[in-house]
Amino acid sequence: MDYNFLLLLIIQLLVAAGIFVFLVYIARFMVNKIKSDPDFKNSKFLNPLEYFPSEKLASLGQIFYLVMVFLFIIIELYLIFTWKDGSFPILVLDIILSIYLAIKMNMDSLNDKIILFSLIPFGSITGIIFGDTSLVWIDLFHIFGYLYFIQVYYRKFEIFTKNMGLGISILLLFTIVWVSFLFTMFAEGVSPLESITMVSNAFTSNSYEASGNSVVGKFDSLVLAWGGFLLSSVGTATLAASVVKKYVDRQFDDMENLIKSKKEEK
């Protein structure tokens, strides 16, 4: 009995590792293929400057690093406490983020290879393929891997903020959301997905309930809530930039007219 269990465990781990390596190879091939496509490089629709002011893009860079840290923590909570609500999308998200991190990594040193091994989402892949959630203990390596990338991406946030000369007021927003997220999760006794949905709705509207009865509905609620918040901030930033630009241009015109009139007087 123990021999059969051990054999089944080894087979599941090998299958999970093989699937992950295959997905990383396919993803890396597709990314390189897309990047080398001239249509992709020159596409107007894929140029972020066509949609956002350059100042807003810098802020979005800050948000990206903090959101990645937030996602890592949510996945860690699911791996540690094994909540059932929204577990399948979290397993998929875990695999996608692991693939993304693996693509971005170098594999030159031994440390890189150890970190890459910690990225293999054994529990998530076996949970989806075999429906077996008994391999939670193997995710201990995966949890340490995410802990490593939490500090890596926060460090990237600090470096990006310093190099771009940006403020850190965005940290206040994420601190409010993060504290509210933890408080709601423990006070209401809900899963992380339920908690972040409730906090997002309370932060971006007048509702505190988790919009959507299904997992897909809750994710849709999150996208709509934060998408609307982002678009409204972009619109405000664009309007403010245009007003300032118009004011500065008028000041320059006045100065130019003043200089011309002084020259004519001479």
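Just so you know, the residues in each chain are numbered from 1, in the order the chain's sequence is written. The predicted origin of the model limits local features to residues at a pLDDT of at least 70 and limits the giving and counting of side-chain atom pairs to 80 or more, whereas totals for whole chains, interfaces and linings rest on all residues. Excluding hydrogens and water, the side-chain figures rest on all heavy atoms present in the structure.

(A) Quick peek at the overall build of the protein. Strands here are runs of E lasting at least two residues and helices are runs of H or I lasting at least four, both read from the DSSP assignment and numbered beginning at the N terminus. Helices and strands together make up the secondary structure of the protein, namely 10 helices and zero strands. Along the chain direction, N to C, the helices and strands of the protein fall in the order α-α-α-α-α-α-α-α-α-α. Only protein chains enter the area calculation, which uses a 1.4 Å probe; residues under 20% of their type maximum are buried, those over 50% are exposed, and those in between are partly exposed. The burial tally for the protein puts 33% of its 266 residues in the buried class. In this analysis, two residues are considered to be in contact whenever any of their non-hydrogen atoms come within 4.5 Å of each other. Pairs at least 24 apart in sequence give 65% of the contacts found in the protein among residues at least 6 apart. For the protein, the computed accessible surface area is about 16900 Å², with 68% contributed by carbon and sulfur atoms. Residue exposure ignores everything except the shown protein chains as possible cover, and the areas themselves are Shrake-Rupley values with a 1.4 Å probe.

(B) Region of interest: the UniProt feature "transmembrane region" (unreviewed entry) in the protein. UniProt positions are given in the numbering used here, feature names are shortened, and annotations may be inferred rather than shown by experiment. Per the UniProt record, the feature "transmembrane region" (unreviewed entry) sits at residues 6-27, 63-81, 87-103, 110-130, 136-154, 166-187 and 223-244. With 100% helix and 0% strand, residues 63-81 has end C-alpha atoms that lie 27 Å from one another. Secondary structure content for residues 87-103 is 100% helix and 0% strand, while the C-alpha to C-alpha distance between its ends is 24 Å.

(C) Just the packing of aromatic side chains, in detail. Centre distance within 6.5 Å is the pairing criterion for rings of Phe, Tyr and Trp, where only the six-membered ring of Trp is used; planes under 30 degrees apart are then read as stacked, over 60 as edge-to-face, and the remainder as tilted. One pass over the full model with this rule turns up 10 aromatic pairs. When the centroid spacing of 6.1 Å and the interplanar angle of 65° are considered together, the rings of F117 and F141 count as edge-to-face. Here F117, found in helix α5 (residues 110-119), pairs with F141, found in helix α7 (residues 139-164); they are 24 residues apart in sequence, far enough to count as distant. Given a relative accessible area of 45%, F141 falls into the partly exposed group.

(D) Local environment of the side chain of S118. Secondary-structure assignment places S118 in helix α5. Think of a polar contact as two N or O atoms within 3.5 Å of one another; within protein, one of them needs to be a possible hydrogen donor and the other a possible acceptor, and neighboring residues in sequence only count if both atoms come from side chains. Of note is the side chain of S118, whose polar atom sits 2.5 Å from the backbone oxygen of I115. Filtering out sequence-adjacent residues up to four positions away, S118 remains in contact with F141, H142 and G145.

(E) A look at the pattern of salt bridges. Basic side-chain nitrogens of Lys or Arg form a salt bridge, by our definition, when they fall within 4 Å of a carboxyl oxygen of Asp or Glu. Scanning the model with the defined rule gives one salt bridge in all. Between E158 and R155 there is a salt bridge, with its nearest N and O atoms 3.3 Å apart. Pair noted here: E158 and R155 are both in helix α7, with a separation of three residues, about one helical turn. Judged by relative accessible area, E158 falls into the partly exposed class, the value being 33%.

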